[in-house]
Structures are given as C-alpha cells and as structure tokens.
Amino acid sequence: MGKATVMLAGAHLRHYEVVGRATPTPANPAPKMFRHHCFAPNHVVAKTKFWKFMREYQRVKRANGEVFGVRELKEKRPGVIKNFAVQLRWYSRTGPVNTSKEIRDTHLARGVSRIFNGLAGQHRASFSNIQVIRTMTKAAKDCTRPYVTQFHDNTIRFPLIHRVRKPKKSKRAVLT
C-alpha cells in the first residue's frame, strides 16, 4: 500500500515533475534526458502525461523509453497568498485555443485546479484536452485581470454581517 497523502482542500490536481528519456541504443548510446512538469491527480496520470509529451513532441513512445523518477512538488511558502499566471492550450470543438489566465491562491496546484474547473464549466473542456504550457508567479503591479486586482487592497475587509448570537444555555427554553 502506498503512503497516505493529505489532499489540499478544493484541489483535485497536484504538481508533479517527471524525469525520463529514450532507451539507449547503439545508434544513440546517451539520449537526451527530459524533465516535464505537469498537473495530475496522482503519479500514474503524471507519467501518462509525460509519455504523451514525449510521444507528441520528442517522437519517443513508452515502449522505447524509461522513466527515472516522479516526484510531487510542494509549495515553498503555503501560508502566503500569491498571484499566478498560467499559459495554457485547450482544445475546443472548433480547434486549439491558446489563452492566459491569472489566479490568486496560496498553492499553485489549487490555482491550476480552479482554472481547470473554470474551463470545464465555461467551455466544456475536459481534463485531457487542457495542456498547461507555463506557470509563473506575478507581482501585484503586473496583474491585469480585474478579478485578481480587486483583492490587492491592503485595507480590504470582509465584515460578517447579520450574525445571530445564540442565547445563553440558561436562557433557552426547555421543551418537554
């Protein structure tokens, strides 16, 4: 049995790094190594995404290659909220669409999960049709989307209005 892991609240994807290469042959005794960052629900799907990348862009099939390692990348500062920019390609019914999204979250994996869920809801894009090209952390001054910049105010407050307090236990009516 594998080690039990704790899921992030609201995130169905994790950030993985997969390292592999083509199997050495007499014609190519030292093939080039490739490191692929991907977002997947588990390590098995991460390896599948790695082989899809190798097959489509490097012309190496799974039968002719080897994986050296799969590791989950953790957030260095999970308590700090950050602005992320994600460049991605997804396939709609009419063809491929390149787009860029901004998201504000404490974890990159949770932010990417929210983007995947948004694309699934707005454009009916399935998980297998979305390809993350690049992710980066942005400074607050570089963000352009209004749904991200509206939270950059240091004096922002979220008041809890209409809070109904329970009466003390001694003041409550006893039903018999």
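Residues numbered from 1 in each chain as written. Predicted model: local features only at pLDDT ≥ 70, side-chain atom pairs only at ≥ 80, totals over all residues. Heavy atoms only, no water.

**Here's the deal with the nonpolar core**
Heads up, the condition is: The nonpolar core is taken to be a set of buried Ala, Val, Leu, Ile, Met, Phe, Trp, Tyr and Cys residues, with the residues joined through side-chain atoms within 4.5 Å. When a residue's accessible area, from a 1.4 Å probe over protein chains only, is under 20% of the maximum for its type it is buried; when over 50% it is exposed; and in between it is partly exposed. Going along the chain from the N terminus, every DSSP run of H or I of four or more residues is numbered as a helix, and every run of E of two or more is numbered as a strand. Pairs of residues are marked as contacts when any of their non-hydrogen atoms sit within 4.5 Å.
L88, W90, V112, I115, L119 and I130 are the most contacted members of the largest nonpolar core, which has 14 residues in total. At the level of secondary structure, the elements contributing two or more residues to this core comprise β4 (82–91) and α2 (108–123). The element contributing the most residues to this core is α2, with five residues. Setting aside anything within four residues of it in sequence, one finds L88 in contact with V97, N98, T99, I115, L119, I130, Q131, V132 and I133. Listed in part, the 11 residues of the second largest apolar core include V18, F34, M54 and V60.

**Digging into a nonpolar patch on the surface**
Rule in force here: Candidates for patches are residues over 30% relative accessible area with no salt bridge; among them, like charges are joined within 9 Å and nonpolar side chains (Val, Leu, Ile, Met, Phe, Trp, Tyr) within 5 Å. To measure how exposed things are, a 1.4 Å probe is used in the Shrake-Rupley method; for residues, cover is taken only from the protein chains shown. A side-chain nitrogen of Lys or Arg and a carboxyl oxygen of Asp or Glu constitute a salt bridge if their distance falls within 4 Å.
Together, F151, I156 and F158 give the surface a local cluster of nonpolar side chains, amounting to about 280 Å² of exposed area. Among the structural elements, F151 can be located in the segment after α3 (146–149). The class of F151 is partly exposed, set by a relative accessible area of 34%.

**Some points on a positive patch on the surface**
Basically, it comes down to this: Positive: Lys, Arg. Negative: Asp, Glu. His and the chain ends are not part of the count. Here the site of a charge means NZ on Lys, CZ on Arg, CG on Asp, or CD on Glu.
A cluster of basic side chains, namely K47, K52, R55 and R62, defines a positive patch on the protein surface. Residue position: R62 is located in the loop between α1 (43–58) and β3 (65–72).

**Observations concerning the sheet that holds β3**
Spelled out, the test is: Think of it this way: DSSP has to see at least two bridges between two strands before they count as a pair. Simply put, an axis is a line fit to the C-alpha atoms, just over the touching stretch for a helix, and the angle between two N-to-C directions goes from 0 to 180 degrees.
The antiparallel open sheet is built from three strands, whose spatial order is β2-β1-β3. Each edge of the open sheet carries a strand with a single partner, namely β2 (33–40) and β3. Averaged over all adjacent pairs, the angle separating strand axes in this sheet is 25°, with direction ignored. Where strand β1 (residues 14–22) lies against β3, seven bridges are found, and the strand directions are antiparallel.

**A look at unusual backbone geometry**
Residue R59 is not a glycine yet carries a positive backbone phi of 60°. Along the chain, the position of R59 falls in the loop between α1 and β3. The exposed category is assigned to R59, whose relative accessible area is 79%. Phi at H162 is positive, roughly 55°, even though this residue is not glycine. Note that H162 resides in the segment after α3.

**Overview of the side chain of H107**
Worth spelling out the cut-off: Counting of polar contacts relies on pairs of N or O atoms within 3.5 Å, with two restrictions inside protein: one atom must be capable of donating a hydrogen and the other of accepting it, and residues adjacent in sequence are counted only when both atoms are side-chain atoms.
Secondary-structure assignment places H107 in the loop between β5 (96–105) and α2. One polar contact links H107 to R110, side chain to side chain, over a distance of 3.2 Å.

**Re the layout of surface pockets**
Applicable threshold: Residues are called lining when one of their atoms sits within 4 Å of a cavity or pocket point, these points coming from a 1 Å grid over the protein atoms alone, where a cavity is a set in which a 1.4 Å probe fits but cannot get out and a pocket is an open set with protein on both sides within 12 Å along at least five of seven lines. Grid points are joined across faces, edges and corners, and a volume is the space filled by probe spheres set on the points. Here the term charged refers only to Asp, Glu, Lys and Arg, the term nonpolar to Ala, Val, Leu, Ile, Met, Phe, Trp, Tyr, Cys and Pro, and the term polar to all other amino acids, Gly among them.
In this model, the second largest pocket occupies a volume close to 350 Å³. Residue lining of the second largest pocket: 17 residues in total, with H36, K49, I130, Q131 and V132 positioned closest to the centre. Among the elements of the structure, β2, α1 and β6 (130–138) are those that each provide at least two residues to the lining of the second largest pocket. The element contributing the most residues to the lining of the second largest pocket is α1, with five residues. Within the lining of the second largest pocket, the residues separate by chemical class into nine nonpolar, five polar and three charged.

**Comments concerning the environment of S113**
One can find S113 in helix α2. What makes S113 buried here is its relative accessible area of 0%. For the pair S113 and V67, spaced 46 residues apart in the sequence, the C-alpha separation amounts to 25 Å. There is a polar contact of 2.9 Å between the side chain of S113 and the backbone oxygen of A109.

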